[in-house]
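A structural walkthrough
Each chain, letter by letter, is given below.
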Amino acid sequence: MAAPASPARLVVLVSGSGTNLQALLDAVAEHGPAGFGAEVVAVGADRTGITGLERAERAGLPTFVCRVGDHATREEWDRALTEATAAHRPDLVVSAGFMKIVGKHFLARFGGRLVNTHPALLPSFPGAHGVRDALHYGVKLTGCTVHFVDDGVDTGPIIAQEAVEVRAEDDESALHERIKDVERRLLVDVVGRLAREGYSIEGRKVRVPA
Ligand code: GRF
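About the cut-offs
- Counting of residues starts from 1 at the beginning of each chain's written sequence and follows it residue by residue.
- The predicted nature of this model means local features are confined to residues of pLDDT at least 70 and side-chain atom pairs, given and counted, to a pLDDT of 80 or more, with totals for whole chains, interfaces and linings taken over all residues.
- The side-chain quantities take in all heavy atoms of the structure and omit both hydrogens and water.
- For helices, the fitted axis covers only the stretch in contact; all axes are lines through C-alpha atoms, and the angles between them, taken along N-to-C directions, range from 0 to 180 degrees.
- Numbering of helices and strands runs from the N terminus, with a helix taken as a DSSP run of H or I at least four residues long and a strand as a DSSP run of E at least two residues long.
- Crossings are classed by handedness, with left-handed meaning an anticlockwise turn of the near helix from the far one by less than a right angle and right-handed meaning a clockwise turn.
- In this description, contact between two residues means that some pair of their heavy atoms is separated by no more than 4.5 Å.
- Residues were grouped as follows: Ala, Val, Leu, Ile, Met, Phe, Trp, Tyr, Cys and Pro as nonpolar; Asp, Glu, Lys and Arg as charged; and all remaining residues, including Gly, as polar.
- Take a side-chain nitrogen of Lys or Arg and a carboxyl oxygen of Asp or Glu: if they are within 4 Å of each other, that pair is a salt bridge.
- To sort residues, take the accessible area from a 1.4 Å probe on protein chains only and compare it with the maximum for the residue type: under 20% means buried, over 50% means exposed, and anything in between is partly exposed.
- By construction, the arc corresponds to the directions joining the helix axis to the C-beta atoms.
- The criterion for a residue being near a molecule or strand is simple. One of its heavy atoms has to lie within 4 Å of it.
- Between N or O atoms, a polar contact is any pair within 3.5 Å; within protein, one atom must be a potential hydrogen donor and the other a potential acceptor, and residues adjacent in sequence are included only when both atoms are from side chains.
- Computed with a 1.4 Å probe, the accessible areas rest on the Shrake-Rupley method; for each residue, only the protein chains presented here act as cover.

1. Quick word on the packing of helix 5 (residues 130-137) against helix 6 (residues 172-197)
Look at helix 5 against helix 6: their axes get within 9 Å of each other, and the N-to-C directions meet at 120°. By crossing handedness, the relation of helix 5 to helix 6 is classed as right-handed. Here helix 5 contributes Val131, Arg132 and Leu135 to the contact with helix 6, which in turn contributes Glu172, Leu175, His176 and Ile179. Its residues assigned to classes, the contact of helix 5 with helix 6 shows four nonpolar, one polar and two charged.

Given below as structure tokens:
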């Protein structure tokens with residue numbers, strides 16, 4: 001059972017509005033780093049001009065931006081993202097709406113401690129349009145999944161899931177907002193438990209003490 005140092009150091013990666021990041025920041029503020037078991041030490045992004053970075057700056061946190069377009073190859077970008085993240089010595093890295101697939105360098109450094117949140121019940125509807133795909137398929141129940149990242153697209157070992165009902169009148173945005181309400185709570189709960197209790201990953205099974 002690998003128990004991160006307490007409080008665990010979190011680097012959070014974002015690409016958009018950063019409401020999942022905000023939920024983590026609020027939990028740390030509410031309980032204190034020792035009480036929550038973790039603190040956010042830096043926020044990284046793959047683009048500039050996003051609310052997620054503004055939230056980090058408002059919280060007085062260091063930020064870094066690593067854009068694919070600023071690098072000659074995807075591999076160089078992956079190396080740069082790895083180094084920028086490693087500079088903050090995270091125990092856990094949280095991909096919270098980070099819309100990029102990380103590469104082999106990032107996984108070599110952070111595999112087994114890189115947590116992602118996805119707005120569907122995996123293994124259904126992986127990829128960038130999980131909410132839209134679930135809606136188009138006509139499922140009555142969807143939800144969110146918090147999982148460790150492996151080298152596939154949303155295929156890593158599942159830590160926790162929660163269901164959300166699809167309503168007849170839902171469009172993608174209404175459904176996504178309801179999923180995000182649940183997702184933020186689930187992510188905060190999972191990250192706190194991983195940090196406080198430690199965890200083990202055996203094949204596809206993640207064990208976190210109750
Ligand atoms: C979340 O639903 C996440 O699962 C998805 O994008 C959304 C990010 O929301 N990949 P936010 O940026 O945390 O508000």
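2. Thoughts on the pattern of salt bridges
Considering all chains together, one arrives at 12 salt bridges under this definition. A salt bridge links Arg47 to Asp46; its shortest N-O distance comes to 2.9 Å. Accessibility expressed as a relative area gives 31% for Arg47, which makes it partly exposed. Of the charged contacts in the structure, one is a salt bridge between Arg132 and Glu172, with a shortest N-O distance of 3.1 Å. Here Glu172 lies in helix 6 and Arg132 lies in helix 5, a separation of 40 residues in the sequence. Each of the salt bridges in this network shares a partner with another, and the network as a whole consists of Asp46, Arg47 and Lys100.

3. A look at helix 5
Taken together, the buried positions of helix 5 are occupied by Gly130, Val131 and Ala134. What you see down the axis of helix 5 is that its buried residues fit within an arc of 100°, all on one side. Looking at the buried positions of helix 5, the neighbouring elements they touch are strand 5 (114-118), strand 6 (141-148) and helix 6. Count one or two residues on from helix 5 and you reach Gly138, which has phi positive near 90°.

4. Quick word on the site of the ligand
Residues in contact with the ligand amount to 13 residues; listed here are only the nearest, Ser17, Gly18, Thr19, His176 and Glu183. In this structure, Ser17 approaches the ligand through a side-chain N or O atom, which is 2.5 Å from an oxygen atom. In this structure, an oxygen atom belonging to the ligand sits 2.8 Å away from a side-chain N or O atom of Lys180. Its free accessible area being 370 Å², the ligand has 91% of it covered by the protein chains. For the shell around the ligand, the elements supplying multiple residues, two or more each, are helix 1 (19-36), strand 5 and helix 6. The dominant element in the shell around the ligand, judged by the number of residues it contributes, is helix 6, at three residues.

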